[in-house]
Number of protein chains: 2
Amino acid sequence: MTTLYDVAAIGNAIVDVIAPASDQFLDDQGLVKGSMMLIDDARAIGLYDAMPPAEEMSGGSAGNTIAGVASLGGRGAFIGKVAKDPLGDVYAHDMQAIGAVFSGERLVGGAATGRSLINVTPDGERTMCTYLGAAAELGPADVDPAVIEAAKIVYLEGYLFDPLEARRAFAKATGLARASSRLIALSLSDSFVVERHRQALLGFIDAEVDIVFANETEITALFQVADFDAAVKAVRGRAKLAAITRGAMGSTIVSGDDIHHIDAFPAEKVVDTTGAGDQYAAGFLFALAQGRSLVHCGRLGSLAATEVIAHYGPRPQVSLRDLALSHGL
Amino acid sequence: MTTLYDVAAIGNAIVDVIAPASDQFLDDQGLVKGSMMLIDDARAIGLYDAMPPAEEMSGGSAGNTIAGVASLGGRGAFIGKVAKDPLGDVYAHDMQAIGAVFSGERLVGGAATGRSLINVTPDGERTMCTYLGAAAELGPADVDPAVIEAAKIVYLEGYLFDPLEARRAFAKATGLARASSRLIALSLSDSFVVERHRQALLGFIDAEVDIVFANETEITALFQVADFDAAVKAVRGRAKLAAITRGAMGSTIVSGDDIHHIDAFPAEKVVDTTGAGDQYAAGFLFALAQGRSLVHCGRLGSLAATEVIAHYGPRPQVSLRDLALSHGL
């Protein structure tokens with residue numbers, strides 16, 4: 001079967017609500033800097049009330065990655081669930097407007113489109129409190145076999161290990177992907193996700209996953225090891241391929257016995273780190289889908305991450321394709 | 001009666017949907033650069049479909065002014081109409097979060113919260129297509145007498161001359177303001193508004209208005225004169241006070257026989273001119289409410305306008321109070 005997509009992703013379809021915050025504000029609200037916390041409706045209202053005026057932009061980890069793939073000139077599809085409400089319209093528009101396919105039935109008469117309240121401290125770190133809303137209703141019925149079967153790589157975000165129906169959607173997608181010999185990639189998403197679902201994640205990686213994306217905190221949490229080198233040893237042989245991001249220290253790609261270290265691109269400024277990992281995955285997966293070397297994949301991922309941390313918001317604000325060309329990638 | 005507010009404003013409560021655009025895009029869509037056009041639901045859908053991914057932020061001319069007044073440390077109240085939907089929640093949140101009072105019943109079971117599709121060209125000019133939605137339902141019942149009577153200055157945006165019920169809301173507000181000896185300020189908003197409602201605006205200015213805000217295009221359109229000097233002559237004696245903005249050329253304040261020219265603050269960059277006039281009015285009205293000189297009013301207006309054009313979005317992103325203090329204002 002011909003592939004229509006470089007990458008098809010499944011994730012929480014979330015609108016980001018982004019505002020500046022002080023460290024004191026995080027303390028007052030009992031938030032752990034840099035983490036993602038799931039919150040219910042009541043907590044969302046209380047926290048939002050305490051936040052200053054905000055900007056709203058489409059977000060969601062895997063959705064951001066697909067937006068990045070499209071910005072690189074790739075063909076992307078995203079499976080996620082929003083409500084039939086104005087923020088759902090925003091989400092669908094932004095995905096289609098960047099040239100990606102948005103797949104998934106709108107939720108009618110239930111929860112509103114999901115939101116992530118993102119507080120960005122002066123150091124550029126983002127702390128996220130996510131009210132899933134309609135995204136929590138994502139289930140197997142939302143996974144269109146035609147989308148999965150037509151993608152070179154199927155990308156799954158670890159956040160979806162929280163809702164049971166979403167995990168069933170994963171199972172359906174991975175079954176379909178296997179049957180069509182598609183690559184399966186998984187992002188660990190967040191160290192708290194790893195803590196909540198360590199055994200399930202390890203089992204899933206062993207059974208299904210070709211490529212694991214993680215940052216240093218997540219990968220050490222997964223294997224409960226003390227340092228990065230021990231995590232690299234642990235992941236070797238576990239997944240065929242792992243790409244581990246380390247912020248300003250770049251990234252490390254583990255492929256069997258081969259280890260490639262990729263330098264970060266110099267960041268002129270760090271305004272908001274939201275989306276850094278998502279855009280790294282976008283660059284990496286797009287290059288991989290084009291059959292590029294692993295080093296090339298890592299460099300393109302680093303470049304895409306550097307663009308997104310220089311401004312507010314989790315998605316590229318310039319054409320990543322043009323940016324890549326100007327850097328010879 | 002003691003005043004609770006420096007400024008109370010009535011305007012269209014609108015969420016801005018902001019995206020970059022080329023001049024070619026404006027041509028293709030038949031849009032006049034720098035203008036505001038009212039569009040219906042069908043046109044809004046078509047135009048939005050053609051736009052790239054966007055950011056959403058609270059906007060609306062008079063609402064932006066009240067946000068500016070609050071950012072300056074002033075006490076502001078805003079009367080406007082949004083729907084009981086997620087973008088209405090965003091609007092109410094952003095107004096309250098900056099320390100202003102948001103007054104007005106939510107619209108239930110009718111149109112959605114209004115949106116302005118704003119295309120920003122590389123020269124920083126913004127071209128707006130506004131779908132009023134719930135804002136079109138603003139009427140006299142939304143004008144709380146207690147809010148008007150408690151404000152030193154009542155500020156009205158010319159955009160509200162379009163819907164008849166909103167004009168009736170104006171009449172109620174101006175009657176209440178007169179009865180409590182409050183100052184009444186009017187922004188002409190847009191040259192097309194002036195073309196549509198010239199006689200009504202002139203009659204309203206003669207009968208009710210103490211302070212007129214306009215840019216050069218709007219004031220020359222109002223009096224159908226060829227140049228700025230002729231417009232200054234025409235406005236003299238018509239309104240007690242007029243503040244006319246001229247972009248990089250600064251502003252001119254006409255007060256009886258006195259004319260003050262105020263230089264613009266040097267703009268380091270012009271990213272998006274959305275909100276420039278609104279923030280000029282914010283600085284001017286806040287200073288006037290504090291009993292400052294007209295020159296001081298104009299300088300504070302210019303400073304607030306310079307802040308807002310240096311970034312995307314129509315409202316200040318730093319504390320205007322701190323900015324003013326750092327400039328000795």
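Bear in mind the structure is a predicted one, so any value in this text is a computation, not a measurement. (Residues numbered from 1 in each chain as written. Chains lettered and ligands numbered in written order. Predicted model: local features only at pLDDT ≥ 70, side-chain atom pairs only at ≥ 80, totals over all residues.)

Undergrad: How should I be thinking about the overall build of chain A in this particular structure?
TA: Across its full length, chain A holds twelve helices and 14 strands. The globule rule puts the C-alpha radius of gyration for 329 residues at 20 Å, and the 18 Å found for chain A is close to it. Structurally, chain A occupies a C-alpha span of about 50 × 40 × 40 Å along its principal axes. Taking all 329 residues of chain A together, the buried fraction comes to 55%. Long-range pairs, those at least 24 residues apart, make up 77% of the contacts in chain A between residues at least 6 apart in sequence. (Helix = DSSP H or I, 4+ residues; strand = E, 2+ residues; numbered from the N terminus. Rg over C-alpha atoms; globule rule 2.2 N^0.38 Å. Buried ≥ 20, exposed ≤ 12 C-beta atoms within 10 Å, placed from the backbone. Contact = placed C-beta atoms within 7 Å.)

Undergrad: Any chance you could explain the packing of helix H10 (residues 276–289) of chain A against helix H11 (residues 294–308) of chain A here in plain terms?
TA: Residue and element names in this part refer to chain A. For the pair H10 and H11, interaxial distance at closest approach is 7 Å and the crossing angle is 145°. The handedness of the crossing between H10 and H11 is right-handed. Contacts between H10 and H11 pair Ala-276, Gln-279, Tyr-280, Ala-281, Ala-282, Gly-283, Phe-284, Phe-286, Ala-287 and Leu-288 from the former with His-296, Cys-297, Gly-298, Leu-300, Gly-301, Ser-302, Leu-303, Ala-304, Ala-305, Glu-307 and Val-308 from the latter. Broken down by class, the residue content of the contact of H10 with H11 amounts to 14 nonpolar, six polar and one charged. (Axes fitted to C-alpha atoms, helices over the stretch in contact; angles between N-to-C directions. Left-handed = near helix turned anticlockwise from the far one by under 90°. Nonpolar A, V, L, I, M, F, W, Y, C, P; charged D, E, K, R; others polar.)

Undergrad: I keep staring at the sheet that holds strand S6 (residues 101–103) of chain B and nothing clicks. Help me out?
TA: Two orientations exist for strands paired in a sheet by backbone hydrogen bonds: parallel and antiparallel. Residues and elements named next belong to chain B. Spatially, the nine strands line up as an open sheet ordered S6-S5-S1-S9-S10-S11-S12-S13-S14, and their pairing is mixed. Because the sheet does not close on itself, it has two edges, and the strands there are S6 and strand S14 (258–262). When strand polarity is set aside, the average angle formed by the axes of neighbouring strands in this sheet is 20°. Strand contacts of helix H9 (residues 228–235): strand S11 (211–215), strand S12 (241–245), strand S13 (251–255) and S14, with the helix running at about 30° to S13, the strand carrying the most contacts. (Pairing = 2+ DSSP bridges.)

Undergrad: Would you explain unusual backbone geometry in this entry?
TA: What you tend to see is this: most non-glycine residues have negative phi, and most peptide bonds are trans. Even without being glycine, Gln-224 of chain A reaches a positive phi, approximately 50°. Note that Gln-224 of chain A resides in the loop between helix H8 (216–223) and helix H9 (228–235). Among the residues examined, Gln-224 of chain A registers 12 C-beta atoms within 10 Å and is labelled exposed. The phi dihedral of Ser-189 of chain B is positive, around 75°, even though this residue is not glycine. Relative to the helices and strands, Ser-189 of chain B resides in the loop between strand S10 (183–187) and helix H7 (191–208).

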